[in-house]
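Residue-level listing of the chains:
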Amino acid sequence: MRKLMIAAVAAFTMSMGTAQAAGGEYHPDFKEASWSFQGIFGQYDQAQLRRGFQIYNEVCSSCHGLRLVSYRNLSALGFNEDEIKEIAAEKSVRVPHDETGAELNDDGEFFTREAAPHDRFVNPFPNDAAAKDSNGGALPPDLSLMAKARMGGPDYIYSFLMGYAEEIPEEVSSQKGFAVNEDKNFNLYFPGYYNSMPPQIMDEMVEYEDGTPMTAQQHALDIVAFLNWAAEPELDERKSLGLKVMLFLLVLTAMLYALKRKIWANVKH
């Protein structure tokens, strides 16, 4: 037991040391938001997911892809078949022209067709080189699994989106080795503080049709909820199934206990 406790303390100490060695930076706790999908009974807010998709489609999709999500998956957000076809048709996908597999026509242009519901979300750039060339050498990350790929999940993304600051806090500027980078954008929650993406969230960034306040905070909440859905679209179904299983087990336990009492009722101890 003593050895186990010593090992646990050592592991904790090493993990703390590793975290400090990896960054050694000041970062406040993530901003916490009340997410409808958190907790045992949490479920996605479909209206919020639709607003989040609107932000992605009108703002984020110009730089960031969703390569693991298909257009037909938008039915989970309440879009009907015609709406999904219309959304997909706004994008084009490259296709071979004939049996030879040729991709370019006589003018050197790619053969394309309108995207269909079964297609994955079309990437805004044909390849990484084109993406870097359009973004000053920075490669915009794919957002399909972003909510699962970052420690803190949705809280981290929300904090990052709301974490841009024009004035650098003293807790950061006073750190040994800290240097201002005027070519990048300061963000209190980003590792290293500076990243290539300028602030994107602002009041009235998009126009909501459902009357929801169009504040920067609301926009950030909505896009984060959508990104969490993109990374975990089965959440509602999984939680619903889990609750049914737990209810079944409780009923089964009660029945087995009653059966046990019935069987042993006349047995003398």
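Computed from a predicted model, the values in this text were never measured in an experiment.

Novice: A description of the side chain of Glu232 should follow, citing residues and the corresponding values.
Specialist: One can find Glu232 in the loop between α8 (216-231) and α9 (235-263). When neighbours within four sequence positions are excluded, Glu232 is seen to be in contact with Tyr44, Lys148 and Arg238.

Novice: Lay out a negative patch on the surface with the relevant residues and their values.
Specialist: There is a patch of like negative charges on the surface, built from Asp203, Glu204, Glu207 and Glu209. Secondary-structure assignment places Glu209 in the loop between β4 (194-195) and α8.

Novice: Talk me through the state of the cysteines; I want residue IDs and the actual numbers.
Specialist: Scanning all chains against the criterion turns up zero disulfides. This cysteine, Cys60, is not joined by any disulfide, and Cys63 carries the nearest cysteine sulfur, 8.9 Å off. The class for Cys60 is buried, based on a relative accessible area of 19%. Classification of Cys63 as partly exposed rests on a relative accessible area of 27%.

Novice: A description of unusual backbone geometry should follow, citing residues and the corresponding values.
Specialist: With a phi angle near 75 degrees, Tyr193 is a residue other than glycine that sits in the positive phi range. On the accessibility criterion, Tyr193 (2% relative accessible area) is buried. Positive phi values are uncommon outside glycine, yet Glu204 reaches one of about 55 degrees. Mapping Glu204 onto the fold places it in the loop between β4 and α8. By relative accessible area, Glu204 is classed as exposed at 61%.

Novice: Give a description of a nonpolar patch on the surface that names residues and reports values.
Specialist: Taken together, Leu241, Val245, Met246, Phe248, Leu249, Leu252, Leu256, Leu259, Ile263, Trp264 and Val267 make up a surface patch of nonpolar side chains, about 1,100 Å² in accessible area. Its place among the elements puts Phe248 in helix α9.

Novice: Explain helix α3 (residues 81-89) to me, using residue names and the numbers behind them.
Specialist: Where α3 is concerned, the buried positions are Ile84, Ile87 and Ala88. Viewed along the axis of α3, the buried residues span an arc of 95 degrees, placing them on a single side of the element. Of the residues in α3, the exposed ones pointing more than 90 degrees away from the buried face are Asp82 and Glu86. Against α2 (46-58) lie the buried residues of α3. By the N-cap criterion, in which a side-chain oxygen at the helix start approaches the backbone nitrogen of a residue two or three places on, α3 is capped by Asn80, the distance to Asp82 being 3.2 Å.

Cut-offs used in this document
- Residues numbered from 1 in each chain as written.
- Predicted model: local features only at pLDDT ≥ 70, side-chain atom pairs only at ≥ 80, totals over all residues.
- Heavy atoms only, no water.
- Helix = DSSP H or I, 4+ residues; strand = E, 2+ residues; numbered from the N terminus.
- Contact = heavy atoms within 4.5 Å.
- Patch = residues over 30% accessible without salt bridge, like charges linked within 9 Å, V, L, I, M, F, W, Y side chains within 5 Å.
- Areas by Shrake-Rupley, 256 points an atom, 1.4 Å probe, with all protein chains shown as cover.
- Salt bridge = Lys/Arg side-chain N within 4 Å of Asp/Glu carboxyl O.
- Lys, Arg positive; Asp, Glu negative; His and termini not counted.
- Charge placed at Lys NZ, Arg CZ, Asp CG, Glu CD.
- Disulfide = S-S within 2.5 Å.
- Buried < 20%, exposed > 50% of the residue type's maximum accessible area, 1.4 Å probe, protein only.
- Arc of directions from axis to C-beta.
- Polar contact = N/O pair within 3.5 Å; in protein donor to acceptor, adjacent residues only side chain to side chain.

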